[in-house]
Amino acid sequence: MKQTLTKKKRLGYCFGIFTESLVYNMFYTYYLTFLNEIVGIKPMFSSIIIFVSIAWDAITDPIIGDYTDRPGVNKQRVMRISVLPLAIVFVLAWTSIGAGFSTQLAKVLLYTFLSMGIWIFYTTYSIPYYAVVAELTEDYDERTSIRSLSSFLNAFCVGLGNILPALVPTVAILLGKKYQSNSYAVIAGIVSLLAVVLGFICCKSLDGVYEPKKAKEGEAVQKLSIRTTFAGFGDILKLKPTKWFLLFVFFFLAMSSMIQSNLTYMVIDCIGMKYDTGIVFVIVSLVAAMALTVPIVEKVAEKKDRRFAMLLFLSIVLVGEVIIKIVGLDATIGDFKIMCIISPAVLGIGSGTFWTLFYSMGYDLVELNEFKTGQRKESTITALPQLVQKFGSAFGILLAGQLLSVFGYDSSKDVAGKESLFTKVTDAKIINGMENISTIIPAALLAVSIICLIVYPMTRKRFEALMLQLEKKRNGEEYSTQGFENIL
């Protein structure tokens, strides 16, 4: 018998965000820097490694989404068997084994392969993890509540995923000169251990509250193929709100990943602080802003709706980024570099808002698709935004890496395998470029994201009208499209 989603089980499920988010945040914040500084790959190539590995993941996203949507497939089991391989590959990807390779091509091939491995197992875990909520409840506010708790915990994941790698200098001292280049691998091992333990807790919490989807009477299950998979994606893309939702996601993630991947350079070169001190202020401010934003965003979304809350808070972030550029990242009050608190706080408001509402906004498309096609595609509808999310994030990092090269930064001239990332840049042109990567360029991307959100037609009122008629349709009663014509 299916159990109710108790507070204890809800918390257990939400612990699963640690498995996904710790890996995600350490990768997006530090992998570009790791490849540049420890492995000795040129920024233009290291950003391509990240882009290619995530582009590869774009192929697997729809396949995994389609597979886990099929009757008889147990999302809980798929998550459980993905956790350990993800942890192993993640550690391998942070080793400095390629630093001694004599050519850039050999380094690029090795780390492209390893990062591709991260994303295949990450996707196999994260798609069913997020999709299962749409099967646990159809209530508009309960979905927001679950995602809000998950987003609140995600603030601490962001903190751990960023603070732990900041301990690299300390770990390097402990390891000694011979092994210091593998300091990141040690941190990755700690992250992976947490990911495994909390991932298994999440899977256990679904016992009794989640039941694998069963085939309807007389329903023929199509054989899994790339053709049928992308045909299913095509049906989702035909939904009117989908294109605006996906464009909104793409440009927001491009904005946030560009800033996130540039944090190290922002602290040392733009703000002008010592790395060890500056990164602590930055991460604490980022986490605090996210944690404080989540409950406020949840309340606004409950009182109005999710789109309104997203527009309100992202507009605040846009204004904030422009003001930061005008004032300058090196601004001080007395002797204190105030932007080590203000800049990450602005990003934290945006991240807290996005991750609180993003997935629950996507869940609304599940019922819309069911109304139009008669099929529920929780994982496919989760996979499609994730695909776009990763492309957006990869694009932001790619753009950041290419711009670093355009502005004249080239760390490959340093001695690979040493902690050279803590060397301050003195060229004013490069520093100004790094500041733009953390402020005005992301602000432009965010402006496009907000425009797409304004056009996005799904609101609480239309969703509730949809659910009223969908229930009638499920019961074989006469139904209409009154009240939600604009989303069809």
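The coordinates are above.
On a predicted model such as this, the values are computed, not experimentally measured, just so you know. (Residues numbered from 1 in each chain as written. Predicted model: local features only at pLDDT ≥ 70, side-chain atom pairs only at ≥ 80, totals over all residues. Heavy atoms only, no water.)

J.: I would appreciate a short explanation of the overall build of the protein in the present structure.
T.: Helix and strand counts for the protein come out as 18 helices and two strands. Scaling as 2.2 N^0.38, a compact globule of 488 residues should have a C-alpha radius of gyration of about 23 Å, and the protein matches this with 22 Å. A principal-axis box enclosing the C-alpha atoms of the protein has dimensions of 70 × 45 × 40 Å. Burial analysis of the protein (488 residues in total) assigns 60% to the buried set. (Helix = DSSP H or I, 4+ residues; strand = E, 2+ residues; numbered from the N terminus. Rg over C-alpha atoms; globule rule 2.2 N^0.38 Å. Buried < 20%, exposed > 50% of the residue type's maximum accessible area, 1.4 Å probe, protein only.)

J.: Help me understand the packing of helix α11 (residues 263-271) against helix α12 (residues 275-303), please; the structure alone is not making it clear to me.
T.: Packed helices, taken two at a time, are described by the angle between their axes plus the distance between the axes. It is the contact of α11 with α12, at a shortest axis distance of 9 Å, that shows an interaxial angle of 125°. Between α11 and α12, the crossing angle belongs to the class labelled oblique. Handedness of the crossing formed by α11 with α12: right-handed. Residues Leu263, Thr264, Met266, Val267 and Ile268 of α11 lie in contact with α12, whose contacting residues are Tyr275, Gly278, Ile279, Val282 and Ile283. Partitioning the contact of α11 with α12 into residue classes produces eight nonpolar, two polar and no charged. (Axes fitted to C-alpha atoms, helices over the stretch in contact; angles between N-to-C directions. Parallel < 35°, antiparallel > 145°, perpendicular 65-115°, else oblique. Left-handed = near helix turned anticlockwise from the far one by under 90°. Contact = heavy atoms within 4.5 Å. Nonpolar A, V, L, I, M, F, W, Y, C, P; charged D, E, K, R; others polar.)

J.: Got a minute to help me understand the side chain of Asn25 in this structure?
T.: Counting through the fold element by element, Asn25 comes out in helix α2 (residues 17-39). In this structure Asn25 comes out as buried when scored by relative accessible area, which is 6%. Apart from the residues lying within four places of it in its own chain, the contact partners of Asn25 are Asn154, Val158, Gly161, Asn162 and Gln260.

J.: What's the story with the packing of α2 against α11 in this structure? I'm lost.
T.: One can describe the packing of α2 onto α11 by two numbers: an axis separation of 8 Å at closest approach and a directional angle of 70°. Taken together, the axes of α2 and α11 lie roughly perpendicular to each other. Residue-level contacts link Thr29, Tyr30, Thr33, Asn36 and Glu37 of α2 to Leu263, Thr264 and Tyr265 of α11. When grouped by side-chain class, the residues that make up the contact of α2 with α11 number three nonpolar, four polar and one charged.

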